[in-house]
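Below, each chain spelled out in residue letters.
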Amino acid sequence: MSAEPGRNGATSGSANGLFSGLGKGLVNGLGRISARGGGAMRGSANGSPNGSANGSPRNGLARSARYSAFSLLRHELRGSAEWPRAWRTHELRDSYDVVIIGGGVHGLACAYYLAANHGITNVAVLDKGYLGGGGSGRNTAILRSNYLTPEGVRFYDRSLELYRNLAAELNFNVMFSRKGHLTLAHNDSSLRTMHWRAEVNKLQGVDSSVIDPDEIKKLVPYLDTSAATRYPILGALYHPPGGIIRHDAVNWGYARAADALGVHLHQQTEVIGIDTAKGQVTGVQLAGGRQIATGTVLNATAGWSTLISDMVGVRMPVQTFPLQAAVTEPVRPFLDTVVVSGTLHVYVSQTDRGELVFGASVDPFTSYSMRGSLDFVEGLAGHVLELMPALSKMRLLRQWAGLCDMTPDYSPIMGKTPVDGFYTDVGWGTYGFKAGPVSGETMAETIATGRPASLISAFGLDRFERGDLVGEKGAAAVGH
Ligand SMILES: Cc1cc2nc3c(=O)[nH]c(=O)nc-3n(C[C@H](O)[C@H](O)[C@H](O)COP(=O)(O)OP(=O)(O)OC[C@H]3O[C@@H](n4cnc5c(N)ncnc54)[C@H](O)[C@@H]3O)c2cc1C
């Protein structure tokens, strides 16, 4: 857990290096590079129905400073000390058309698409902490759409499509890096699932195929693909469109764009109760005693989601588990693809500035704790070194944890609930960051029209009553 430079300028270990001594490989050739600082409704900005502040909601982006090379230069030449804030603070209104609880990527994206696509701007996003302080600022930012069910593949693929154009749409560099994504198979049953996923993917027009160990070795030379390992690699599902993104940039980009369209973002604003009358939402109660009137509430609180749905008596089959991740010091680029091993419960990617980001499966117990554990790092190190022995001298910089809202079928719960005006966008488990854009888009449509968007019709809460589950465990068991 040290950020100090290693001896000889290589990625040498130290007494603090948690990977030191856990394997015999060397990191020859992986020289360190320096860390660089390490809806049926219409609303408006003033709450009056029908229309946005300027007629064309997307034009609202003009209200915040545009980011461009030219504006950067102009700013420098003028010697301005500070850029304007990316989003504003507002007084709480007494009422909003829509109140979104949760300022993660899901809540922020929904607010943005409500305003941008449907002209509903009298919207408040309330977060008890800070924007992106939940899973949306703690995840490992892996994007992919190679799921197991046709419903899942279609849904996540629309998200990837939105992600590809997000920087231009939001005028914010979200740093999408399309590296490709490999899911390794270490036994026959995993290999069979990879073939199954590849076929489902192809039928939905998604680029995925099963490749053999020689092809894997070409893509990731540092991977131990020999037959002599404890869990030999038999093949992998290769998904070229997958990659990584900068999670903070996505959160901030949506926040800035939503703010520019008139949405209010309220941090440090905890919801402690939801009012209903005759089965219809009428308002929310805030810590500190304030009340806000609203007929529409969206629960976008991921790991805390059952605490919110309990406020209106809606029971959801969701359990909250911590998920941990860790990051190393930066080294020169050597890993061009995201590598996942379900059998070893580990995945790794390299960021654009050289750090290796590791993740695993959820902790074995339900909890609301967001603390990392030594147990996790030890297990992680052992599994990483089985895959890439050459990393034994790498040093971890940080580890952390976030909360994951797990459902029985590893698919989300989205749409209406038995309480009128209470909508849900939860059940994101360990894989919900990649779904942020499409969830925002489809939940905004569902709220605006009062009808579930077609892409999420399979994900309703009522599927558990019907026994009509959307089983994604085979594509989502390892966290990301
Ligand atoms: C370590 C880790 C790695 C992950 N890796 C990946 C990955 O690689 N790819 C991927 O797709 N997904 C990944 N995930 C999952 C992903 O992070 C989440 O599914 C996603 O961020 C959920 O977003 P959200 O907006 O629904 O919720 P969150 O971002 O968790 O936001 C919920 C917000 O609700 C707020 N809140 C809670 N209660 C209240 C209240 N009473 N009043 C007001 N506000 C409240 C919280 O403060 C929080 O900010 C990972 C998660 C973790 C923890």
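In this text, all values refer to a predicted model and were calculated from it rather than measured experimentally.

Engineer: Teacher, can you tell me more about the packing of helix H3 (residues 150–164) against helix H10 (residues 436–449) here?
Structural biologist: To characterise two packed helices, one gives the angle between the axes of the helices and the distance between these axes. Axis separation between H3 and H10 bottoms out at 7 Å; the angle between their running directions is 105°. Taken together, the axes of H3 and H10 are roughly perpendicular relative to one another. Of the residues in H10, those in contact with Phe155, Arg158, Ser159, Leu162 and Tyr163 of H3 are Gly436, Pro437, Val438, Ser439, Glu441 and Thr442. Grouping the amino acids of the contact of H3 with H10 by side-chain chemistry returns five nonpolar, four polar and two charged.

Engineer: Looking at this model, I keep getting lost on the pairing of strand E14 (residues 338–341). Mind explaining?
Structural biologist: In the case of a regular strand, side chains alternate between the two sheet surfaces. Neither face of E14 is open: one carries Val338 and Val340, the other Val339 and Ser341, and all of them are buried. One ladder, built from four bridges, connects strand E4 (residues 181–185) with E14; its direction is parallel. Opposite His181, over in E14, you have Val338 as the bridge partner. Where E14 lies against strand E15 (residues 346–350), three bridges are found, and the strand directions are antiparallel. Note on E15: the bridge partner recorded for Ser341 is Val346. Count of turn residues in the E14/E15 antiparallel hairpin: four residues, of which His345 carries a positive phi of about 55°.

Engineer: I tried to follow the confidence of the model for the protein on my own but got confused; where do I start?
Structural biologist: For any part of a model where pLDDT is low, the fine detail of the predicted coordinates should not be relied upon. With 86% of its residues at a pLDDT of at least 70, the protein reaches an overall mean of 88. Low pLDDT, under 50, characterises residues 1–40; the stretch is placed with 101 contacts to residues that sit more than four places away or in other chains. Low confidence marks residues 42–57, where pLDDT is under 50. Its contacts with residues over four positions away, or in another chain, come to 37 contacts.

Engineer: Help me understand the pattern of salt bridges, please; the structure alone is not making it clear to me.
Structural biologist: Opposite charge on two side chains permits pairing when their charged atoms draw close. Per the stated rule, a full pass over the model turns up 11 salt bridges. A salt bridge links Asp94 to Arg290; the shortest N-O distance between them is 3.4 Å. Pair noted here: Asp94 is in the loop between helix H1 (69–78) and strand E1 (98–101) and Arg290 is in the loop between strand E10 (280–286) and strand E11 (291–293), with a separation of 196 residues, a long-range link. Note that Arg158 is salt-bridged to Glu161, the shortest N-O span being 3.4 Å.

Engineer: Where do I start with the packing of helix H2 (residues 105–118) against H10 in this structure?
Structural biologist: Relative to each other, H2 and H10 sit at 55°, their axes nearing to 7 Å. When the axes of H2 and H10 are compared, the pair comes out oblique. The chirality of how H2 crosses H10 is right-handed. Along its contact with H2, which presents Val105, His106, Ala109, Cys110, Tyr113, Leu114, Asn117 and His118, the element H10 presents Gly436, Pro437, Ser439, Gly440, Glu441, Met443, Ala444, Glu445, Ile447 and Ala448. A breakdown of the residues in the contact of H2 with H10 according to their chemical character gives 10 nonpolar, six polar and two charged.

Rules and cut-offs
Residues numbered from 1 in each chain as written. Predicted model: local features only at pLDDT ≥ 70, side-chain atom pairs only at ≥ 80, totals over all residues. Heavy atoms only, no water. Axes fitted to C-alpha atoms, helices over the stretch in contact; angles between N-to-C directions. Helix = DSSP H or I, 4+ residues; strand = E, 2+ residues; numbered from the N terminus. Parallel < 35°, antiparallel > 145°, perpendicular 65-115°, else oblique. Contact = heavy atoms within 4.5 Å. Nonpolar A, V, L, I, M, F, W, Y, C, P; charged D, E, K, R; others polar. Buried < 20%, exposed > 50% of the residue type's maximum accessible area, 1.4 Å probe, protein only. Pairing = 2+ DSSP bridges. pLDDT = per-residue confidence, 0-100. Salt bridge = Lys/Arg side-chain N within 4 Å of Asp/Glu carboxyl O. Left-handed = near helix turned anticlockwise from the far one by under 90°.

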